[in-house]
Amino acid sequence: MMKVFEGREFADVYDDASGGVFRGFRFIDCAFVSCWLSISDDADKRTTFRDVELVGASHINCGLNSAVVEDVIVEGLTSKRDPLFCRGAVFKHVVLRGDVDRIVLKPHPISGAEDQAVAKSFSEFRRAYYSDVDWALDISEVSCVELNIHSIPGDLVRRDPRTQAIVRRDSISANLLSGISWLGPEFTMSLELFLNRGDEDVVLIAPKKKPQFSRLVDEIERLRDAGIADRD
Amino acid sequence: MNERQSTHRTSDPPARYNADMARTATKGEKSLASLTFLVSLVALVAAAPVSGLTAAWLQTASSSSAWSEPAAPAIAPSYPETRDRVSGKSGPARDRLSSELSRDLRQGYEQSCGWEAVGSLDAPGGGAQAAIRERVMANIARSRSAREASNFAGHVRRVEATSTFQALVGRANARLARNPSLFADVLSEDELIASASHAGLARANWGNVVERLAADEIVSSPQLRGLFRHVGGAGNPDFIGLGRYGGLNFDATTVRQITTHMNRPGYGHNLIIGTYSRPGWFPLR
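Here goes a summary of the coordinates provided. (Residues numbered from 1 in each chain as written. Chains lettered and ligands numbered in written order. Predicted model: local features only at pLDDT ≥ 70, side-chain atom pairs only at ≥ 80, totals over all residues. Heavy atoms only, no water.)

**Looking at the overall build of chain A**
Looking only at helices and strands, chain A has 4 helices and 14 strands in total. On C-alpha atoms alone, chain A measures out to a radius of gyration of 18 Å, which is about the 17 Å that the 2.2 N^0.38 rule sets for 232 residues. With respect to the three principal axes, the spread of C-alpha positions in chain A is 50 × 40 × 30 Å. With 232 residues in all, chain A has 59% of them scored as buried. Residue pairs in contact within chain A that sit at least 24 positions apart in sequence constitute 55% of those at least 6 positions apart. Total accessible area on chain A is roughly 9,900 Å²; 48% of this is exposed by carbon and sulfur atoms. Here chain A contributes 30 positively and 39 negatively charged side chains, and the mean placements of these two sets differ by 1 Å. (Helix = DSSP H or I, 4+ residues; strand = E, 2+ residues; numbered from the N terminus. Rg over C-alpha atoms; globule rule 2.2 N^0.38 Å. Buried < 20%, exposed > 50% of the residue type's maximum accessible area, 1.4 Å probe, protein only. Contact = heavy atoms within 4.5 Å. Areas by Shrake-Rupley, 256 points an atom, 1.4 Å probe, with all protein chains shown as cover. Lys, Arg positive; Asp, Glu negative; His and termini not counted. Charge placed at Lys NZ, Arg CZ, Asp CG, Glu CD.)

This is the structure:
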């Protein structure tokens, strides 16, 4: 039984990673203003959100930190200011579909860039969590302006093969990347960041709502031809 | 003659009774006059506008925050002087400030008053108490001192907000200058691409990172969450005040950009600015 909220606005909702489980919510055409969930720099201190649906939502400067997000559907999400930042959250059976403006999934909270111990604890938690997940994200039907997926294993991401591809660490290096003259700034930036992060792989996405969409689709195909991106 | 009269007074019981009664009546009149005078004095002290200032502060203290401005009196002035002034009597225009100042001084507004008189206003009472309260509240509305106290509270609030916000922006900027890798961690890929493509955009994004780091500190602090909300975007301040900072707007920017921000339509005129400076090595070429 889901609790349904329709046309509501939620402002200044802060959840300090209480360790609780929030489940069974459906938000239809709701607006979220300055709401942050699972605010914690402790990888083991997390709030779980399960069985949640967001339909036609909009947000202003909202985000997640260390949340565990499971069985969630996001169908349409408007970012009125900054992108939706998820810093250190882990995902299982999360579907993004419809028109989604900008979502950025980062591997750890901001403090992880300053404190190696924080970054390491989030990395270890993530590795353990995803070892028991059959699929994490489904982005095959999403139409977005920007979607950055950092540090989620590519094989756990359900994709649209035409517009989204996996690049693995053993098929790219900094030297090789610098020699690809035809690659545009978008995928160059994605691959440089990927190499710096030390992840095993990365999902390259040609955002359907981006003016450069056609070029980016072509570049994915060329990366496949060059043996850099996986051929699905 | 005197002896006879005296003998007569003491020896005639009805006359002595009448004389005693007359003395008692005179004494009673004096007591009544004294009582009336005392009651008038108490009423005058209780209703005196000088107590308005302390009443205003009491009202401030009893409100949600010590920094909040005293609330406007709920009861509008209704005494004849105000009605006359509102009705606009003919006569030469007077300087409003000097007029109010002279009136305040004339009515003793600037004199100090004991807290006891104000405290008695809050004691439970009947109609007389309510009437006194009404007079005092009305006088507060007219009291220049009370208005100045209100302005002072607002000024203190603004100074404190400026200091808090500047410290917040300073910490965010120092955090970024100390660890430039935050730049890549805080921005999205599109924002990084824009920064790499144009030095001006890189400089603008330095400001965006400072803003997001400040927002991150706010989100992480239950105290700051109650004071600031991250808003941002075109036509909006970076942050708006909440709680005791309610009604204040905040922007983080460089010293060179202060004028631009202050001239922004909509919110610029009442803006509190927190400044930051980029390190000389930024942006990298």
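**A few points about the pairing of strand 8 (residues 68-79) of chain A**
Residue and element names in this part refer to chain A. Of the pairings in the sheet, the one linking strand 6 (residues 48-60) to strand 8 comprises 10 bridges and is parallel in character. For Val-52, the partnering residue across the bridge sits in strand 8 and is Val-72. Two strands pair when backbone bridges link them, and strand 8 and strand 10 (residues 90-106) are joined in this way by 8 bridges, in the parallel orientation. Note on strand 10: the bridge partner recorded for Glu-75 is Arg-97. (Pairing = 2+ DSSP bridges.)

**Quick notes on the interface of chain B and chain A**
Taken together, the 27 residues of chain B in the interface contact 34 residues of chain A. Note on chain B versus chain A: buried area summed over both sides is about 2,500 Å², and carbon and sulfur give 49% of it. Of all residues in chain B, the largest losses of buried area upon contact with chain A belong to Asp-185, Glu-189 and Arg-225 of chain B, amounting jointly to 26% of the total for that side. At the boundary of chain B with chain A, the tally comes to 21 residue pairs in polar contact (both at pLDDT 80 or more). Contributing elements (two or more residues each) for the side of chain B that touches chain A: helix 9 (182-186), helix 10 (189-197), helix 11 (199-220) and strand 1 (228-230) of chain B. (Buried area = accessible area lost by both parts, 1.4 Å probe. Polar contact = N/O pair within 3.5 Å; in protein donor to acceptor, adjacent residues only side chain to side chain.)

**Considering the packing of helix 3 (residues 185-197) of chain A against helix 4 (residues 213-225) of chain A**
Residues and elements named next belong to chain A. Two elements in contact, helix 3 and helix 4, have axes whose closest approach is 10 Å; the angle formed by their N-to-C orientations is 55°. Here helix 4 runs oblique to helix 3, going by the angle between their axes. Packed against helix 3, whose contacting residues are Pro-185, Glu-186 and Phe-187, the element helix 4 presents Arg-215, Leu-216, Glu-219, Ile-220 and Leu-223 at the interface. Broken down by class, the residue content of the contact of helix 3 with helix 4 amounts to 5 nonpolar, no polar and 3 charged. (Axes fitted to C-alpha atoms, helices over the stretch in contact; angles between N-to-C directions. Parallel < 35°, antiparallel > 145°, perpendicular 65-115°, else oblique. Nonpolar A, V, L, I, M, F, W, Y, C, P; charged D, E, K, R; others polar.)

**Some remarks on the packing of aromatic side chains**
Evaluated as defined, the whole model comprises 20 aromatic pairs over all chains. Residues Phe-165 of chain B and Phe-228 of chain B carry aromatic rings whose centres are separated by 5.9 Å and whose planes lie at 40° to one another, so their mutual orientation is tilted. Taken together, the positions of Phe-165 of chain B in helix 8 (residues 144-178) and Phe-228 of chain B in strand 1 put the pair 63 residues apart, joining distant regions of the chain. Here Phe-165 of chain B falls in the buried class, since its relative accessible area comes to 0%. In textbook terms, an aromatic cluster arises when at least three aromatic residues are bridged by ring pairs, as seen for Phe-5, Phe-10, Phe-25, Phe-27 and Phe-32 of chain A. Over the aromatic face of Phe-85 of chain A sits the side chain of Arg-87 of chain A, whose NZ or CZ is 4.3 Å from the ring centroid. (Phe/Tyr/Trp six-rings, centres within 6.5 Å; stacked < 30°, edge-to-face > 60°. Lys NZ or Arg CZ within 6 Å of the ring centre and 35° of its normal.)

**Overview of the nonpolar core**
Buried together is how nonpolar side chains tend to be arranged in soluble globular proteins. If you look at the biggest cluster of nonpolar residues, it comprises 44 residues, and the most contacted ones within it are Phe-32, Phe-91, Tyr-130, Ile-139, Leu-147 and Ile-152 of chain A. Looking at this core, the elements with two or more residues in it are strand 6, strand 8, strand 9 (84-87), strand 10, helix 1 (116-130), strand 11 (137-149) and strand 14 (201-205) of chain A. In terms of residue count, strand 10 of chain A provides more of this core than any other element does, 7 residues in total. Those residues within four positions of Ile-152 of chain A in sequence are excluded, and the remaining contacts are Phe-91, Leu-105, Tyr-130, Ala-136, Leu-137, Val-157 and Asp-201 of chain A. Counting 35 residues, the second largest nonpolar core, distinct from the first, contains Ile-110 and Leu-193 of chain A together with Leu-168 and Leu-248 of chain B. (Core = buried A, V, L, I, M, F, W, Y, C linked by side-chain atoms within 4.5 Å.)

**A short note on helix 4 of chain A**
All names here are of chain A. Between the first and last C-alpha of helix 4 there are 19 Å, a value that for 13 residues agrees with the 18 Å anticipated at 1.5 Å per step. In this structure, the buried residues of helix 4 make contact with strand 13 (164-168), helix 3 and strand 14. Gly-227 lies just past helix 4 and shows a positive phi near 80°. (Expected span 1.5 Å × (residues − 1).)

**Side note on the packing of helix 10 of chain B against helix 11 of chain B**
What describes two packed helices is the angle between their axes and the distance between those same axes. All names here are of chain B. Running from amino to carboxyl end, helix 10 crosses helix 11 at an angle of 140°, the nearest separation of the two axes being 6 Å. The angle between helix 10 and helix 11 places the two elements in the oblique class. Facing Glu-191, Ala-194, Ser-195 and Ser-197 of helix 10, the residues of helix 11 in contact are Ala-199, Leu-201, Ala-202, Asn-205 and Arg-212. Along the lines of polarity and charge, the residues of the contact of helix 10 with helix 11 split into 4 nonpolar, 3 polar and 2 charged.

**A few points about the pairing of strand 10 of chain A**
Residue and element names in this part refer to chain A. Across the 17 residues of strand 10, 13 count as buried, placing the element largely inside the fold. Two strands pair when backbone bridges link them, and strand 9 and strand 10 are joined in this way by 4 bridges, in the parallel orientation. Of the residues in strand 10, the one forming a bridge with Cys-86 is Leu-105. Of the pairings in the sheet, the one linking strand 10 to strand 11 comprises 10 bridges and is parallel in character.

**Structural notes on helix 10 of chain B**
Every buried residue belonging to helix 10 of chain B is among Glu-189, Glu-191, Leu-192, Ile-193 and Ser-195 of chain B, and all of these are buried. Structurally, helix 10 of chain B contributes buried residues whose contacts are with strand 10, strand 11 and helix 3 of chain A together with helix 9 and helix 11 of chain B.

**Focus: the sheet that holds strand 2 (residues 239-241) of chain B**
Residues and elements named next belong to chain B. As summarised here, the arrangement of the 4 strands in space is 1-2-3-4, forming an open sheet in which the pairing is mixed. Whereas interior strands pair on both sides, the edge strands pair on one side only; in this sheet they are strand 1 and strand 4 (271-275). Ignoring strand direction, the axes of neighbouring strands in this sheet form an average angle of 30°. Pairing of strand 3 (residues 249-253) with strand 4 involves 5 bridges; the strand directions are parallel. Looking at the pairing, Thr-253 lines up with Thr-275 of strand 4. Sitting on the sheet, helix 8 touches strand 1, strand 2, strand 3 and strand 4, and the angle it makes with strand 4 is about 30°. Against the sheet, helix 11 touches strand 1 and strand 2, its axis set at about 40° to strand 2.

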